[in-house]
Amino acid sequence: ATLFSDEELKAVFKHIDTEAKGEIKNQQLKEQFRLKFFIAAPVSMTDGLAVKGGKTIRKLELNEVIEALDEPQKEPNLGILRVKAKTEKDGKEGYITLKGNQGTDYLADYDPYLACEKKVQKSVQELLDASNAASRYIDKKSGELHGVAKGPLFETRELLMGLKPRISKVQQSQVELRSQVARARKKHQENVEAEKQRRQEAIDRRAARSVSEEAEACAKEADEDAKKASSAAEVLVASRGADAESPLQVFGDADKALLAAAEACEKAEEKIRDKLDGLRSYFRGPFAEARNAMKALKEGLGASGGKCRQQAAELKGVLTALEGDAHAAVLVALCAHLRKEGLSTEALFKQLAGGETSIPADGFRGFLEKMPGLELKKAQLDIGLARYSSGVSRLMIVGLLQLYLRCAKELAITSAFEVKESKTVRKLAVGEIVEVLEEERTDEAVGLVRAKVKALLDGDEGWATLRGNQGTTFLVDFPKPFYILDDEVQMQSGFQSTSSEIRRMRAGEVLELLEGPRREDSYEIFRARGRAAKDGKEGWLTFKDNQGKELFEKVSVYVCRQGIALTVAFDITEGKPVRKLEVGEAMEVIGEPVSDEKKGLSRIKVKTKVDEKEGWVTLKGNQGTAFVEESDKHFVCKVGVPLEMRFQSGSPLVRSLEVGEVFEVREGPKAEAKEGASRLRGRNLGDGTEGWFNGPSDVTVPWSPFFVCKQSTVLTDGLDIASARAVRKLEVGERLVALETPVVEPTSGLMRVRLRCDKDGSSGFASVWSQEGAALLEPLPTEG
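Note that the coordinates shown come from a computational prediction; the quantities given were computed from them, not determined experimentally.

Visitor: Is there a simple way to think about the overall build of the chain in this case?
Guide: Of regular secondary structure, the chain possesses 10 helices and 47 strands. Principal-axis analysis of the C-alpha atoms gives the chain an extent of 150 × 105 × 50 Å. In the chain, which comprises 784 residues, the proportion classed as buried is 39%. Taking the contacts inside the chain whose residues are at least 6 apart along the sequence as the reference set, 59% of them involve residues at least 24 apart. Of the roughly 44000 Å² that the chain leaves accessible, carbon and sulfur atoms contribute 51%.

Here it is as structure tokens:
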């Protein structure tokens, strides 16, 4: 169907066929596509696009007609739009500005009727100007001949005065002509509006029919998809997937079908809503009828889409319950196996990970399938292990297989399960954390629920009462304690903070707590500030530890006091200089000083500490200037010692000094009194390294693998932000669990973490902080 009626098409043909020959010539058709403009304000036509340096062709007058020859272009210097055009008046071609940088519009759209009207108005105005000029001329000449009473001049004056009525008549006709033009304009506008209305009515009839048909087709397809998906979901919920060979696949397909159907209903509903918004102002006629029909379609789609989403949530609930049951069965069997075999979680992880940072999903499943006591079908195992499709990290293993409790009421740890035969190991204070070593059971003799535990504070083991026979709760569930580092932290081999360093841990690393926190005794160490001779690095280091052990011994070293050359030979004039020695540079003496009697110099052979260059250097010149002197400030390192930025030990590392390195003391040694540090023993979840470190503190803070979304962000399928694809958007308030410890994304420098969403089980990577430093994800408090 065409947009125009036969009558309208005939009118269009007639308009183009200006010669009324019943045919449209090529030139007549082209004429319809010519783009013309009126000159809306006087403007210059130039010979080039650029205004600066362009030559003016001529000034274009108000209401002149031009034809555009090309698309408008941006002027390179001023940025204004200009167009190449040809004047209708004289055929001149050149460039014209469409709109000035001060907002002046130089061109207005061309209208044939308006063009004709402007020509008429111009002619009328020219006639009016001519008649006014004639009237003024007659008045002037008549005035000049006013005093003439007879003769030819008198006759001329009378003749001129006789012309005035004729001029007035012409002027009156001009006024009438203007009125006629105004009436014609009004009539034309009325005809245009009537034609617009007639066309609009025809368009509305066709459009209303088209809108209704499109809405019906869209709604029908979406509704059929919804009914089909809904029917399949009802069967699956009723059977709980018992008959399916692959429940995960079946549930996943059903969920996708429901969500796709719901989305299709919502899209169709949105399309209809958009159409309804366009018909809001219609209260009668075809559009009003179409609107009422579409309202009914929209309501039906809303109900169908809502039902699909409700069923998807119900389906997820069933799958979550099945997954929880199967996963719980896996954990029970795995814990029983570990207790039977005497395996720790760390030993199990190392056994299955094979030196990697996580256990492969296939390896974990293979281990479980061979493990005795796991009575699950293949389909149930599929469901129970679905969350481990990307592998099992150390964080996931320790979180799964270790149970922790917090002391809610003071009680004793005893040596045996039976209370009557037990001896007290020690008292547990309120707030202390214990790890459960053996599952709880009831001491029937006294009616107490008991479990074997290990206190994190000091590692003491024994039996503790969880619940008394009067209902009193002594120990409550508590999440496994973790710590995260906000800055560089030293991990050491022993409880004492002076023990040897294992490694420096970086900000963002996470550790599981194995023991502590416990505070060590107060002590005193001696610190010195200076510079390493090897590379000039400066900082503070421990000169004597809290046991009184000297970590440095004095060494015979010479130091450059005045800039001087290091030469190859003893005689300064014989050899080329090796290089120039810098003031303060340290040297090791190779031989004894030798005097040069002729030159009055004392020379000695040395080896530089910076780059180990050998050569001769002058100790004292012939004028008595001391160039090199023996130092009493240089010491050699006896054991590896960290060079740190500040006086306080444990401050950020500059670098570590190796055994045998020479160090120049510039301040100290002086005592640093240290209160016994609070110490923690932990295992780094990144590489499994175990050791002691200071904490809790400003830089060693409790951490939880459980997060809540504080600001909407995107969950992606990879760590790298630039290349990763979006999984979905995380909503504010969503709860998530970390599958791995946070890591820094190299390109952006943002802390990212792999998570699983409680809402739908989807997993991926998300940023903990935004580029502006706003918290996107926040760990949940670790309080039980």
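Visitor: Just to check I follow, could you spell out a nonpolar patch on the surface for this structure?
Guide: Together, F13, I24, L29 and F33 give the surface a local cluster of nonpolar side chains, amounting to about 390 Å² of exposed area. Among the secondary structure elements, F33 is positioned in the loop between α2 (26-31) and β1 (36-39). For F33, a relative accessible area of 68% corresponds to the exposed category.

Visitor: Can you help me understand the side chain of E67 in this one?
Guide: With respect to the helices, strands and loops of the structure, E67 is situated in strand β4 (residues 65-68). Using a relative accessible area of 14% as the deciding quantity, one classes E67 as buried. One polar contact links E67 to R34, side chain to side chain, over a distance of 2.6 Å. Dropping the residues within four chain positions of it, E67 is found in contact with R34, L35, K36, K84, A85 and K86.

Visitor: Would you mind going over the environment of V449 with me for this structure?
Guide: In this fold, V449 is placed in strand β15 (residues 448-455). When its relative accessible area of 13% is taken as the criterion, V449 is described as buried. When the C-alpha atoms of V449 and E592 are compared, they prove to be 82 Å apart, with 143 residues separating the residues in sequence.

Visitor: For this particular structure, what's the right way to read the nonpolar core?
Guide: Inside soluble globular proteins, nonpolar side chains tend to come together where they are buried. Within the largest apolar cluster, 29 residues are counted, with the highest numbers of intra-cluster contacts made by F251, L258, I272, M294, L301, C308 and L315. Put simply, the parts of the chain that give this core at least two residues each are α4 (152-239), α5 (247-278) and α6 (286-341). Residues contacting M294, with those up to four places away along its chain left out, are V211, A215, I272, K275, L276 and L279. If you look at the next biggest cluster of nonpolar residues, it comprises 24 residues, including L334, L338, L374 and Y388.

Visitor: Explanation requested: unusual backbone geometry in the structure shown.
Guide: Peptide bonds are, in most cases, trans, and in most cases residues other than glycine have a negative phi. That bond from G516 to P517 is cis: its omega, 0°, falls within 30 degrees of zero. Within the secondary structure, P517 is located in strand β21 (residues 510-519). With omega at -10°, the peptide bond leading from G695 into P696 counts as cis. In this structure, P696 sits in the loop between β38 (690-694) and β39 (700-703). Positive phi, normally seen in glycine, also occurs at N63, with a value near 75°.

Visitor: What should I look at first to understand α5 in this one?
Guide: Counting along an α-helix, one turn takes 3.6 residues, and residues three or four places apart therefore face a common direction. The first and last C-alpha atoms of α5 sit 46 Å apart over 32 residues, in line with the 46 Å expected at 1.5 Å per residue. Within α5 the residues assigned to the buried category are P247, F251, A254, D255, L258, A261, A262, C265, A268, E269, I272 and L276. Check the buried side of α5 and you find it contacts α4, α6 and α9 (378-384).

Visitor: In this structure, what is going on with the confidence of the model for the chain? I would like to understand it.
Guide: Detailed reading of the predicted coordinates is not advisable wherever pLDDT falls low. On average, the chain scores 87 in pLDDT, and the residues at 70 or more come to 99%. Ranking the elements of the chain by mean pLDDT puts α2 last with 74 and strand β41 (residues 713-716) first with 96.

Visitor: Could you clarify how one ought to interpret the packing of aromatic side chains in this entry?
Guide: Each aromatic ring pair is described using two quantities: the centre-to-centre distance and the angle formed by the ring planes. All told, the structure shown has 12 aromatic pairs when counted by the stated rule. With 5.0 Å between their ring centres and 90° between their planes, F543 and F635 make a pair best called edge-to-face. You can see F543 sitting in strand β23 (residues 538-544) and its partner F635 sitting in strand β33 (residues 634-637), a full 92 residues away along the chain. An identical accessibility class is assigned to F543 and F635; each is buried. Looking at R518, its charged tip hangs above the ring of F495, at a distance of 4.6 Å from the centre. Sitting over the ring of F526, K544 keeps its end group 5.0 Å from the ring centre.

Visitor: I tried to follow the side chain of S651 on my own but got confused; where do I start?
Guide: Examined against the element boundaries, S651 turns out to sit in the loop between β34 (641-644) and β35 (653-657). Of the polar contacts made by the side chain of S651, one reaches the backbone nitrogen of R646; its length is 3.1 Å. For S651, the side chain forms a polar contact with the main-chain oxygen of Q648, separated by 3.1 Å. Look past the residues within four positions of S651 in its chain and what remains in contact with it is R504, E644, M645 and R646.

Visitor: I would appreciate a short explanation of helix α10 (residues 394-401) in the present structure.
Guide: Here α10 lies mainly inside the structure; 6 of its 8 residues are buried. Buried residues of α10: R394, L395, M396, I397, V398 and L401, and no others.

Visitor: Whenever I open this one, the pattern of salt bridges confuses me. Can you help?
Guide: Think of it this way: side chains of opposite charge can pair up when their charged atoms draw near. Taken as a whole, this structure holds 63 salt bridges when the rule is applied. D611 is the partner of R579 in a salt bridge, and the nearest nitrogen-oxygen pair spans 2.8 Å. Of this pair, R579 sits in strand β27 (residues 577-581) while D611 sits in the loop between β30 (601-608) and β31 (614-620), placing them 32 residues apart in sequence. Among the ionic contacts, a cluster of salt bridges with common partners joins E346, R394, K480, E512, E515, R518, R681, R683 and E690.

Visitor: What should I look at first to understand the packing of helix α7 (residues 345-353) against α10 in this one?
Guide: Two packed helices can be described by the angle between their axes and the distance between those axes. With their axes 10 Å apart at the nearest point, α7 and α10 run at an angle of 140° to one another. Our pair here, α7 against α10, has a crossing hand that is right-handed. Where α7 approaches α10, its residues T345, E346, L348 and F349 are matched on the opposing element by R394, I397, V398 and L401. Partitioning the contact of α7 with α10 into residue classes produces 5 nonpolar, 1 polar and 2 charged.

Visitor: How should the packing of α4 against α5 be read in this particular structure?
Guide: The contact between α4 and α5 brings their axes to 9 Å, and the two run at 155°. For the element pair α4 / α5, the angle class is roughly antiparallel. Helix-helix and strand crossings are classified by hand; for α4 and α5 the assignment is left-handed. Touching V211, E214, A215, C218, A219, A222, D225, A226, A229, S230, A233 and L236 of α4 are V250, F251, A254, A257, L258, A261, A264, C265, A268, K271, I272 and K275, all from α5.

Visitor: What should I look at first to understand the environment of P360 in this one?
Guide: The topology assignment puts P360 in the loop between β9 (358-359) and α8 (361-370). Under the relative-accessibility criterion, P360 is labelled partly exposed at 44%. For the pair P360 and S389, spaced 29 residues apart in the sequence, the C-alpha separation amounts to 8.5 Å. Ignoring sequence-local partners within four residues, the contact set of P360 consists of L352 and G391.

Visitor: Hey, could you run me through the state of the cysteines in this one?
Guide: Note: disulfide means a covalent bond formed between the sulfur atoms of two cysteine side chains. Under the criterion given, the structure shown has 0 disulfides. We note that C218 lacks a disulfide partner, and the nearest cysteine sulfur, in C265, lies 9.2 Å from it. Note on C757: no disulfide assigned, nearest cysteine sulfur contributed by C709 at a separation of 9.2 Å. Judged by its relative accessible area of 2%, C757 is buried.

Visitor: Help me out: how do you make sense of the environment of C757 in this one?
Guide: Relative to the helices and strands, C757 resides in strand β45 (residues 751-757). Along the chain, C757 and A726 lie 31 residues apart, while their C-alpha atoms are 14 Å from each other.

Criteria and thresholds
- Residues numbered from 1 in each chain as written.
- Predicted model: local features only at pLDDT ≥ 70, side-chain atom pairs only at ≥ 80, totals over all residues.
- Heavy atoms only, no water.
- Helix = DSSP H or I, 4+ residues; strand = E, 2+ residues; numbered from the N terminus.
- Buried < 20%, exposed > 50% of the residue type's maximum accessible area, 1.4 Å probe, protein only.
- Contact = heavy atoms within 4.5 Å.
- Areas by Shrake-Rupley, 256 points an atom, 1.4 Å probe, with all protein chains shown as cover.
- Patch = residues over 30% accessible without salt bridge, like charges linked within 9 Å, V, L, I, M, F, W, Y side chains within 5 Å.
- Salt bridge = Lys/Arg side-chain N within 4 Å of Asp/Glu carboxyl O.
- Polar contact = N/O pair within 3.5 Å; in protein donor to acceptor, adjacent residues only side chain to side chain.
- Core = buried A, V, L, I, M, F, W, Y, C linked by side-chain atoms within 4.5 Å.
- Expected span 1.5 Å × (residues − 1).
- pLDDT = per-residue confidence, 0-100.
- Phe/Tyr/Trp six-rings, centres within 6.5 Å; stacked < 30°, edge-to-face > 60°.
- Lys NZ or Arg CZ within 6 Å of the ring centre and 35° of its normal.
- Axes fitted to C-alpha atoms, helices over the stretch in contact; angles between N-to-C directions.
- Left-handed = near helix turned anticlockwise from the far one by under 90°.
- Nonpolar A, V, L, I, M, F, W, Y, C, P; charged D, E, K, R; others polar.
- Parallel < 35°, antiparallel > 145°, perpendicular 65-115°, else oblique.
- Disulfide = S-S within 2.5 Å.

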